[in-house]
Amino acid sequence: MLRDITIGQYYQAKSPIHALDPRVKLVGTMVFLISLFIGRNVIMYAVATAFLAAVIKVSKVPFKFMVRGLKSIVFIAVFSAVFNLFLTEGTPIVQFGIFKLTWEGIEMAAFMVIRLIYLIIGSSLMTLTTTPNDLTDGLEKGLGFLNKIKVPVHEIAMMMSIALRFIPILIEETDKIMKAQIARGADFEHGNIIQRAKAMIPILVPLFVSAFRRANELATAMEARCYHGGEGRTKMRPLRYKAKDVKAYLILAAYLVLMIAIKMLRNGALV
Amino acid sequence: MSIILDKVNYVYEIGSGFEKHALKDVSCVIEKGEFIGLIGHTGSGKSTLIQHLNGIIKATSGNIFFDGEYIYDKDYDMRKLRNKVGLVFQYPEHQLFETDIFKDVCFGPRNQGLPEKEVQLRAFQALRLVGLEENLYYQSPFDLSGGQKRRAAIAGVLAMKPDYLILDEPTAGLDPKGRDEILGHIRKLHDETGIAVILVSHSMEDVARYVDRIMVMNDGELIFDDKPRNVFAHYRELESVGLAAPDVTYIMNDLKRAGFAVDTDAITVEEARDNILKMLNGKG
Amino acid sequence: MLRKENDNLEDIIKAENLTFEYYRRDEEGNVEGITTAVDNISLTVKKGDFVAVLGHNGSGKSTFAKHINALLYPTEGTLFVNGIDTTEEERLLEIRQSAGMVFQNPDNQIVCTLVDEEVAFGPENIGVPSEEIWERVEKSLKAVGMFEYRNASPNKLSGGQKQRVAIAGIVAMKPKCIVLDEPTAMLDPSGRKEVMKVLHELNKKEGVTIILITHYMDEVIDADKVFVIDGGKLVMQGTPHEIFSNVEQLKELRLDVPQVTELAFELKKAGVNLPDGILTHEEFIRALSRVVKSGGA
């Protein structure tokens, strides 16, 4: 049932990728995503594929974990592929009424699907190799400059990490409340949509009440432990760049430069 | 009229690599009108066992019969079982959801499809059975104390008029008076209506005082199933599975060891008192 | 300094006529009346003591406890924590650091997703340098016997283990005093034992003052001093022996007594010549031996 939901799933392993500073991985993911969007030609995608394959290999995360994340986008992928296949202008191969299949369409659809798949694999590679804690730390420090324009970066990061802590607790609680209401004869499986929506009230109300009660108690407990926002706060594990992080940044820069170079050289050839 | 468990096994998360054998060949018979205490440390399988009794969890193997009917039969109506076996979970006040107590208690009987008049009648009866003052019936759950909310939640299950009432640690987190009130009302309820009660508890003192039969779970197995006096006589074995006897049992054993001619099978303060008085008078 | 300072630093907590009132409001927010949750309490707690506070639910004991951590401020009267008036706003962090607080529900006071980070949370808040945080985390986790779980997720721990982590989180702030508001109420007997053992060790080895609010009478027996609160008022105070000599008064206050005390009390009522306030089996056996020697009831 609800227990099957996994959020921020992390694959524990000792790999150079796992050991990187979370900020490097955040930037790396961004660089990879940008590289997928700057150009659409075979050489660039070959380089991107090689790069992705190398990172996956180094990360020691089994490939099947990457594929797992793809299930959720099958629908979007098929939809955009079909859309591109038939609605791209170009040299027609076959024509059904107003729909025509073109070479350009096939090419466009193929790139589209590959881009989507790489996008998911790239970002799940980050969540699989970074603990939720590191991720929020990375975001907090990496986006620290936003503080200057009054964005409460620390508070947002704190909220994210508290949410991560309480999600499993609330899932378990939902399970328990559901069972308790089933024991009182509640029926969640029969009836039309409206009846089923109404049947959720005995679950949602206690769940909200409980979430508020927990939030209230947690706030008191945090206050009692001298929490007063991000100001003057130190860290047990402060993020500091090490030599390997610098190396990783250099590799990323090299990759991006290479991609841009290919794009410039081949400009006009395929795009 | 009984619940029969025949070699019930339950394994959590089969095939996930984190399998846990939560119940191992549990067999027992629970008769109508009994008052049973179910004890065992956390994770011993108590909660899993009680959830089998009203069909919320289905056994991995083994059979359960309710009033002579096999509950895993294709044609068996699970709702019938749930109407007859009322289950009160831990901290039941957390499941209250209506704007007032009375409406909340009506939820169960209304789900049973009873006419509105009957629903309300049952809600009244149930609230009276748990001893909640009438001026609280139309209050919001937020305005009640912890003990009052808990009694209201128990009434929510009682209103379905079950033949068996299972309570998972009904006194957790209450103060001593609130604890005695709840247990007192449950005992009274049992004596007056003849409802069978299964009380899951961590307090040996409470169990010794209220129940007629004790079932002890350890590591998924039912290791004792007997009268309280006989179970607590095995206090050494109970200790080895993280449990204990009531403190008075230890007092009597200590007295005996110190050379006093007392019986060691007292399990309540009253029994211990009478036994010591008898011993003193016998001497004097 | 013009402010009133508490001169006796032997007292970690000193309440003088402490009163806390709050307004009850109806649904529109209009004031319906005033509730006095804490009513004119004066008491002192000596440094290094193990103190138990008893009282039924709604007696005002939790409200009183929240004053010690400066989560609430007195409406009238004063409260000194380690010599500091709790209303001194600029010393708020100092007060909260010297009197840490542990709450009833273990789940609702753990902030982080890893045990060691949870323990580090307090020191991080008060700006302790990173290297020192590591030392404090290690020492605190060892003090509560949870060091081997430092990389675990709190969600995977038992109730008793979670409470020990919560206690370690307070210990890491180097408090002089820890206030615990029914820390064992949601635990099973073995979890309760674990927590009580840790509290007594902290009290004996580290000299931390413990203020334990509880419903379990067996947790009170070893305390140095017991306070009983009812209706917001301090109604009884004394050693466990003194408190448990008044079985009838305790029952009137909706409280319990240990079974051995109750048994002695029942025997006394039946005419056996036993002293009041028996707390242990040994005391009971000794007292009963005397009765037998002197010729029975």
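Residues numbered from 1 in each chain as written. Chains lettered and ligands numbered in written order. Predicted model: local features only at pLDDT ≥ 70, side-chain atom pairs only at ≥ 80, totals over all residues. Heavy atoms only, no water.

1. Here's the deal with the interface of chain A and chain B
Taken together, the contacts link 17 residues of chain A with 21 residues of chain B. Both sides of the chain A and chain B interface together cover about 1700 Å² of buried area, and 61% of this is carbon and sulfur. Its largest share of buried area at the contact with chain B, chain A owes to Lys 179, Ala 183 and Arg 184 of chain A, together 41% of the area lost on that side. Linking chain A to chain B there are two salt bridges. A salt bridge links Arg 184 of chain A to Asp 104 of chain B; its shortest N-O distance comes to 3.0 Å. One can count six residue pairs in polar contact (both at pLDDT 80 or more) joining chain A with chain B. Counting residues per element, the ones that place at least two in the side of chain A that touches chain B are helix 8 (153-183) and helix 10 (201-224) of chain A. Sorting elements by how many residues they give to the side of chain A that touches chain B places helix 8 of chain A first, with seven residues. Class assignment for the residues of the side of chain A that touches chain B results in nine nonpolar, two polar and six charged. (Contact = heavy atoms within 4.5 Å. Buried area = accessible area lost by both parts, 1.4 Å probe. Salt bridge = Lys/Arg side-chain N within 4 Å of Asp/Glu carboxyl O. Polar contact = N/O pair within 3.5 Å; in protein donor to acceptor, adjacent residues only side chain to side chain. Helix = DSSP H or I, 4+ residues; strand = E, 2+ residues; numbered from the N terminus. Nonpolar A, V, L, I, M, F, W, Y, C, P; charged D, E, K, R; others polar.)

2. Notes on the packing of aromatic side chains
Summed over the entire model, instances satisfying the criterion amount to 18 aromatic pairs over all chains. Here Tyr 241 of chain A and Tyr 249 of chain A contribute two aromatic rings whose centre-to-centre distance is 5.6 Å and whose plane-to-plane angle is 70°, an arrangement assigned as edge-to-face. Centre to centre, the rings of Phe 20 of chain C and Tyr 22 of chain C are 6.4 Å apart; their planes meet at 40°, and the pair counts as tilted. Take Phe 20 of chain C: its relative accessible area is 13%, and that puts it in the buried class. An aromatic cluster is defined as three or more aromatic residues linked by ring pairs; in this entry it consists of Phe 102, Phe 124, Tyr 137 and Tyr 138 of chain B. (Phe/Tyr/Trp six-rings, centres within 6.5 Å; stacked < 30°, edge-to-face > 60°. Buried < 20%, exposed > 50% of the residue type's maximum accessible area, 1.4 Å probe, protein only.)

3. Side note on the side chain of Ser 161 of chain A
If you trace the backbone, Ser 161 of chain A turns up in helix 8. By relative accessible area, which is 15% here, Ser 161 of chain A ends up buried. If we ignore the near neighbours within four places in the chain, the residues touching Ser 161 of chain A are Thr 136 of chain A together with Thr 113 of chain C.

4. Concerning the environment of Ile 186 of chain B
Residues and elements named next belong to chain B. Among the structural elements, Ile 186 can be located in helix 6 (residues 176-193). You can call Ile 186 buried: its relative accessible area is 4%. Residues Ile 186 and Arg 151, 35 residues apart in the sequence, show an inter-C-alpha distance of 9.9 Å.

5. Re the confidence of the model for chain C
For chain C, mean pLDDT is 91; residues scoring 70 or higher make up 96% of the total. For residues 1-6 of chain C, every residue scores under 50 in pLDDT, and the model assigns this stretch 14 contacts once sequence neighbours within four places are set aside. (pLDDT = per-residue confidence, 0-100.)

6. Considerations on the domain arrangement of chain C
One can read the domain layout of chain C as domain 1 (46-73 + 88-240) and domain 2 (258-297). A C-alpha centroid distance of 35 Å is found between domain 1 of chain C and domain 2 of chain C. (Domains from an automatic or database assignment.)

7. Here we look at the environment of Asp 77 of chain B
All names here are of chain B. As for its placement among the helices and strands, Asp 77 is situated in the loop between strand 5 (69-70) and helix 2 (78-84). Judged by its relative accessible area of 40%, Asp 77 falls in the partly exposed class. At a separation of 3.1 Å, a polar atom in the side chain of Asp 77 contacts the main-chain amide nitrogen of Arg 79.

8. Focus: the pattern of salt bridges
On inspection of all chains with the given rule, the structure shows 48 salt bridges over all chains. In this structure, Asp 107 of chain C and Arg 165 of chain A form a salt bridge, with 3.8 Å as the shortest nitrogen-oxygen distance. In this pair, Asp 107 of chain C sits in the loop between strand 6 (99-102) and helix 3 (115-125) while Arg 165 of chain A sits in helix 8, so the two residues belong to two different chains. On the basis of relative accessibility, which here comes to 16%, the residue Asp 107 of chain C falls in the buried class. Classification of Arg 165 of chain A by relative accessible area gives buried; the value is 1%. Between Asp 212 of chain B and Arg 187 of chain B there is a salt bridge; the shortest N-O distance is 3.7 Å. Of the two residues, Asp 212 of chain B sits in the loop between helix 7 (204-210) and strand 9 (213-218) while Arg 187 of chain B sits in helix 6, which places them 25 residues apart along the sequence. Residue classification places Asp 212 of chain B among the partly exposed positions, given a relative accessible area of 41%. Each of the salt bridges in this network shares a partner with another, and the network as a whole consists of Arg 273 and Asp 274 of chain B together with Glu 266 and Lys 269 of chain C.

9. So, the interface of chain A and chain C
Of the residues lining the interface, 28 residues belong to chain A; the matching set on chain C comes to 38 residues. Of the roughly 3000 Å² buried between chain A and chain C, counting both surfaces, carbon and sulfur atoms make up 51%. Three residues, Arg 165, Arg 225 and Met 236 of chain A, lead the burial of chain A against chain C; their summed loss comes to 30% of the area buried on that side. Along the contact surface separating chain A from chain C lie six salt bridges. The salt bridge partner of Arg 225 of chain A is Glu 118 of chain C, with a shortest N-O separation of 2.6 Å. Our count for the contact surface shared by chain A and chain C stands at 19 residue pairs in polar contact (both at pLDDT 80 or more). For the side of chain A that touches chain C, the secondary structure elements donating two or more residues are helix 8 and helix 10 of chain A. Tallied by class, residues from the side of chain A that touches chain C come to 14 nonpolar, six polar and eight charged.

10. Some details on a negative patch on the surface
There is a patch of like negative charges on the surface, built from Asp 143 of chain B together with Glu 27, Glu 28 and Glu 32 of chain C. Along the chain, the position of Asp 143 of chain B falls in the loop between helix 4 (116-129) and helix 5 (146-158). Classification of Asp 143 of chain B by relative accessible area gives exposed; the value is 54%. (Patch = residues over 30% accessible without salt bridge, like charges linked within 9 Å, V, L, I, M, F, W, Y side chains within 5 Å. Areas by Shrake-Rupley, 256 points an atom, 1.4 Å probe, with all protein chains shown as cover. Lys, Arg positive; Asp, Glu negative; His and termini not counted. Charge placed at Lys NZ, Arg CZ, Asp CG, Glu CD.)

11. Examining a positive patch on the surface
A cluster of basic residues, Lys 141, Arg 240, Lys 242 and Lys 244 of chain A, forms a positive patch at the surface. For Arg 240 of chain A, the location among the structural elements is in the loop between helix 10 and helix 11 (243-265).

12. As for the sheet that holds strand 9 of chain B
Residue and element names in this part refer to chain B. Strand order in the open sheet made by the six strands is 6-7-8-3-9-10, with mixed pairing throughout. Both edges of this open sheet fall to strand 6 (85-88) and strand 10 (221-226), since each of them pairs with a single strand only. In this sheet, adjacent strand axes meet at a mean angle of 15° when their direction is disregarded. With four bridges joining them, strand 3 (residues 35-39) and strand 9 adopt parallel strand pairing. Across the sheet, Ile 39 pairs through a bridge with Val 216, a residue of strand 9. Contacts from helix 5 reach strand 6 and strand 7 (164-168) within the one sheet, and its direction differs from that of strand 6 by about 160°. (Pairing = 2+ DSSP bridges. Axes fitted to C-alpha atoms, helices over the stretch in contact; angles between N-to-C directions.)

13. Comments concerning the packing of helix 2 (residues 22-38) of chain A against helix 7 (residues 132-142) of chain A
All names here are of chain A. Where helix 2 contacts helix 7, the two axes come as close as 8 Å, and the packing angle between them is 80°. The angle between the axes of helix 2 and helix 7 places the two elements in the roughly perpendicular class. Two secondary-structure elements touch here, helix 2 through Pro 22, Arg 23 and Leu 26 and helix 7 through Asp 134, Gly 138, Leu 139, Lys 141 and Gly 142. (Parallel < 35°, antiparallel > 145°, perpendicular 65-115°, else oblique.)

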